[in-house]
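# Inside the fold
Residue strings, one per chain:
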Amino acid sequence: MKHNLKNNTAILVFANSSHIDERQKAFPKSKQLFQALTAKTISTVHKTHLPYFHFSESEQIGHSFGERFLNAIARVFEKGYSQVITIGNDTPQLSVEHLLETEKQLNANKFVLGPSTDGGFYLMGLNKSQFESSNFSKLAWQTSTVFNQLQKQLEQTEITVQCLAYLSDVDNAIDASCLLNSSTYLSPDIRHLLIQICSIAKYQIEDRSTSFYSFYFTNNLHNKGSPALLH
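Residues numbered from 1 in each chain as written. Predicted model: local features only at pLDDT ≥ 70, side-chain atom pairs only at ≥ 80, totals over all residues. Heavy atoms only, no water.

### What about the overall build of the protein?
Here is the rule: Per the convention used, a helix needs a DSSP run of H or I reaching at least four residues, while a strand needs a run of E reaching at least two, with both numbered from the N terminus. A simple rule labels every residue: compare its accessible area, found with a 1.4 Å probe on the protein chains alone, to the largest value its type can have, and call it buried under 20%, exposed over 50%, or partly exposed in between. It only takes one pair of heavy atoms within 4.5 Å for two residues to be counted as in contact. All accessible areas in this document rest on Shrake-Rupley with a 1.4 Å probe, and a residue is counted as covered only by the protein chains that are shown.
Looking only at helices and strands, one finds nine helices and six strands in the protein. A total of 231 residues make up the protein; the buried ones form 53% of that total. Sequence-distant contacts, at least 24 apart, represent 73% of the contacts inside the protein between residues at least 6 apart. When the accessible area of the protein is evaluated, it comes to approximately 10700 Å², of which 51% is carbon and sulfur surface.

### A short note on the confidence of the model for the protein
Keep this limit in mind: pLDDT is defined as a per-residue confidence score from the predictor, taking values between 0 and 100.
Residues of the protein with pLDDT of at least 70 account for 84%, and the chain-wide mean is 87. The model gives residues 209–220 a pLDDT under 50, and that stretch makes 30 contacts with residues more than four places away or in other chains.

### Things to note about the packing of aromatic side chains
For the record, the criterion: Stacked, tilted and edge-to-face pairs are distinguished by plane angle, under 30 degrees for stacked and over 60 for edge-to-face with tilted covering the rest, among Phe, Tyr and Trp rings (Trp via its six-membered ring) whose centres lie within 6.5 Å.
With the rule as written, the count across this model stands at 12 aromatic pairs. Taking the centre distance of 5.4 Å and the plane angle of 80° together, the rings of Phe69 and Trp141 count as edge-to-face. Here Phe69, found in helix 3 (residues 65–78), pairs with Trp141, found in the loop between helix 5 (133–136) and helix 6 (146–155); they are 72 residues apart in sequence, far enough to count as distant. Each residue in the set Phe14, Phe65, Phe69, Phe121 and Trp141 is aromatic and connected to the rest through ring pairs, giving one cluster.

### Quick word on helix 2 (residues 30–48)
Going by this rule: Residue count minus one, scaled by 1.5 Å, sets the expected span of a helix.
When the terminal C-alpha atoms of helix 2 are compared, their 27 Å separation across 19 residues agrees well with the 27 Å that a helix rising 1.5 Å per residue should span. Among all positions in helix 2, only Ser30, Leu33, Phe34, Ala36, Leu37, Thr38, Thr41, Ile42, Thr44, Val45 and Thr48 are buried.

### Things to note about the nonpolar core
To keep things clear, this is the line we draw: Take the buried Ala, Val, Leu, Ile, Met, Phe, Trp, Tyr and Cys residues and link them wherever side-chain atoms come within 4.5 Å; each set so joined is a nonpolar core.
Membership of the largest hydrophobic core comes to 28 residues, with the highest contact counts inside it found for Phe121, Met124, Phe136, Trp141 and Leu150. Of all the secondary-structure elements, those providing two or more residues to this core are strand 1 (9–14), strand 2 (52–55), helix 3, strand 4 (111–115), strand 5 (121–127) and helix 6. Per-element accounting of this core gives the leading share, eight residues, to helix 3. When sequence neighbours within four positions are dropped, the list of residues in contact with Met124 reads Phe69, Ile73, Val84, Ile85, Thr86, Phe111, Val112, Leu113 and Leu150.

### Quick look at the side chain of Thr44
Looking at the element boundaries, Thr44 is found in helix 2. Leaving out residues up to four positions away in the same chain, Thr44 has contacts with Leu94, Ser95, Val96 and Leu99.

### A look at the pairing of strand 5
To keep it simple, the criterion reads: Any two strands with at least two DSSP bridges between them are considered paired.
Where burial is concerned, most of strand 5 is hidden: seven out of the seven residues are buried. Where strand 3 (residues 83–87) and strand 5 come together, five bridges link them in antiparallel fashion. The residue bridging Ile85 from the neighbouring strand is Gly125, located in strand 5. Sheet analysis places strand 4 next to strand 5, joined by four bridges and oriented antiparallel. Across the sheet, residue Gly114 finds its bridge partner in strand 5, namely Leu123. In this structure, the hairpin formed by strand 4 and strand 5 is closed by a connection of five residues, where Gly119 is found at a positive phi of approximately 100°.

### Here we look at the sheet that holds strand 2
Definition in use: All axes here are fitted lines through C-alpha atoms, helices being fitted over the stretch that makes contact, and every angle between N-to-C directions spans 0 to 180 degrees.
Read across the sheet, six strands follow the order 2-1-3-5-4-6 without closing on themselves; strand pairing throughout is mixed. The open sheet has two free edges, formed respectively by strand 2 and strand 6 (161–163), since each of these has just one partner strand. Going from strand to strand, the sheet's axes swing by 15° on average, the running direction of each strand aside. With five bridges joining them, strand 1 and strand 3 adopt parallel strand pairing. From the neighbouring strand, Thr9 faces strand 3, where its bridge partner is Gln83. Where helix 3 meets the sheet, its contacts fall on strand 1, strand 2, strand 3 and strand 5, and the angle it forms with strand 1 comes to roughly 155°. Along the sheet face, helix 4 (residues 96–107) touches strand 1, strand 3, strand 4, strand 5 and strand 6 and points at about 150° away from the line of strand 3.

### Let's talk about helix 6
Note the following rule: Arc definition: directions from the helix axis to the C-beta atoms.
Restricting attention to buried positions, one finds in helix 6 the residues Val146, Phe147, Leu150, Gln153 and Leu154. All buried residues of helix 6 project into a common sector of 130° when viewed along the axis, lining one side. Counted as exposed and oriented over 90 degrees from the buried face of helix 6: Lys152 and Glu155. Considering only its buried residues, helix 6 is in contact with strand 4, strand 5, helix 5 and strand 6.

Shown next as structure tokens:
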């Protein structure tokens, strides 16, 4: 956790520990993958030279995902920052450039969203004046429509929304396969883990029964705005 009020923008890494991710996202090598993804995310954040806070389950307060997420944002604002960039740990394509572009757009008083290919979002950047906890709490968090819901909600205000490029997150083995088949650059350690995940899941599906497809590829929970179930 890095705290520096010389900059009015802080990054909030809202991500559970690999122990919880392993339990919630039950697919092969999930613990090792999310350890690597969290390390990669923190490394990317460090390179921006922006202050940041990592809220794992031990820092999160609230009964529902939405409550915990919104409370974390509020707590960063309470520390004196006027702009917050929220991210998770499950988007290996997230770059320093995405974060710095978000800061630039926030300085122009825009609301920034990084849409995920599954209907959620991997990044949300907002100014303190744009933070309406009561409105955000009405969103259907962890569904495949939350990005569209939030965008429509913001369209009813005078807030200007700036969207970044669509990126893919990793919530199950099929996401791992899609990333490997894309032309996206992946760090060697993460690529190696994704290859292992796909190989193990494929073997267990073929070796035992097709029910493993449902378990490894669809039955899991997701971070941030990502859907809790694939549709």
